[in-house]
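Listed below, chain by chain, are the residues.
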Amino acid sequence: MDQAGERDTRMDWQGGAIFRPVRTGNAFEETVERILEAVKLGVFGYGDRLPAERELAARLNVSRETLRDAIRSLQQAGCVESRRGRYGGTFVTYRLPPPDLGELRRAVQDMGTELEDALTFRMVLETGAAEQAARRTLTTEQREYLLERLTDVEDAAPDAYRQLDSRFHLAIAELTGSHSLAAGVAESRMRLNDLLNAIPMLERNIAHACEQHRAMAEAILKGDIDNARRSTEEHLEATAALLRGFLG
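Described in the following lines is the structure provided in the data block. (Residues numbered from 1 in each chain as written. Predicted model: local features only at pLDDT ≥ 70, side-chain atom pairs only at ≥ 80, totals over all residues. Heavy atoms only, no water.)

## As for the layout of surface pockets
No. 1: The computed volume of the largest pocket comes to approximately 400 Å³.
No. 2: Residue lining of the largest pocket: 22 residues in total, with R95, L96, D159, A160 and Q163 positioned closest to the centre.
No. 3: The dominant element in the lining of the largest pocket, judged by the number of residues it contributes, is helix α9 (residues 161-174), at four residues.
No. 4: Here the residues of the lining of the largest pocket sort into 12 nonpolar, four polar and six charged. (1 Å grid on protein atoms, 1.4 Å probe; cavity = no way out; pocket = protein on both sides within 12 Å on 5 of 7 lines; lining within 4 Å. Points joined across faces, edges and corners; volume = space filled by probe spheres on them. Helix = DSSP H or I, 4+ residues; strand = E, 2+ residues; numbered from the N terminus. Nonpolar A, V, L, I, M, F, W, Y, C, P; charged D, E, K, R; others polar.)

Encoded structure:
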């Protein structure tokens, strides 16, 4: 795994936000969903290697046979590929599709009345996560991790921006120390993922978002609870306004 992947493991991304135990009776379907969630949100980017089969099956609390079936289906869909040999494993081949306003409108139609519910849910979860992260006494490692995620999204190429943006937001949730909250933020993001990915990348909007991201991170690192909540709320309101604007 690359350096970024190693840092993710250190912060227990797979155990907290994404690769939590499967709890429903539909083990195969939920395993596919969890891996897709990790890939689409950029926890594992293009070319990254997923955790070893034994570890991933244990984290998801599924049999290795179920995991293999899920990976085989994702490979057929072009999302991952399995390689043999000393440096083998399962590698991510999924790439985000380019922004598409037609796809945005179709995704909104599919959501129907759930859009405003999803935006409200995201607002409550992520402002709460930022506030809780600011309340905690973060270790040097945790502080560096947040700054690394901030730098990643600030330096992101347009085709990688959305996934690195997701990783930044998920990092804040992970720093709360609550696996349940981190999982909730990941699930909330997935509800809006197709919509956010379909929004055209506007240079001015990205610059504004970077300013907001930095304000969020700085407030959390300073332990400034009010500003952590306020800057997160302003950022999410701006994203929601941009989304509504493209929908006309």
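## Side note on empty space enclosed by the protein
No. 1: Counted by the stated rule, this structure contains one cavity of 30 Å³ or more.
No. 2: By volume, the largest cavity is sized at about 40 Å³.
No. 3: Forming the boundary of the largest cavity are E126, A129, A130, H169, I172, A173, V185, M216 and T232.
No. 4: Looking at the lining of the largest cavity, the elements that each hand over two or more residues are α7 (114-135) and α9.
No. 5: Looking at side-chain class alone, the lining of the largest cavity contains six nonpolar, two polar and one charged residues.

## Thoughts on the pairing of strand β2 (residues 89-92)
Working note: regular strand, side chains alternate between the two faces of the sheet.
No. 1: Sheet topology places strand β1 (residues 80-83) next to β2; four bridges connect them, and they run antiparallel. Directly across from S82, in β2, lies its bridge partner T90.
No. 2: Where β1 folds back on β2, the antiparallel hairpin that results is connected by five residues, among which G85 adopts a positive phi of roughly 100 degrees. (Pairing = 2+ DSSP bridges.)

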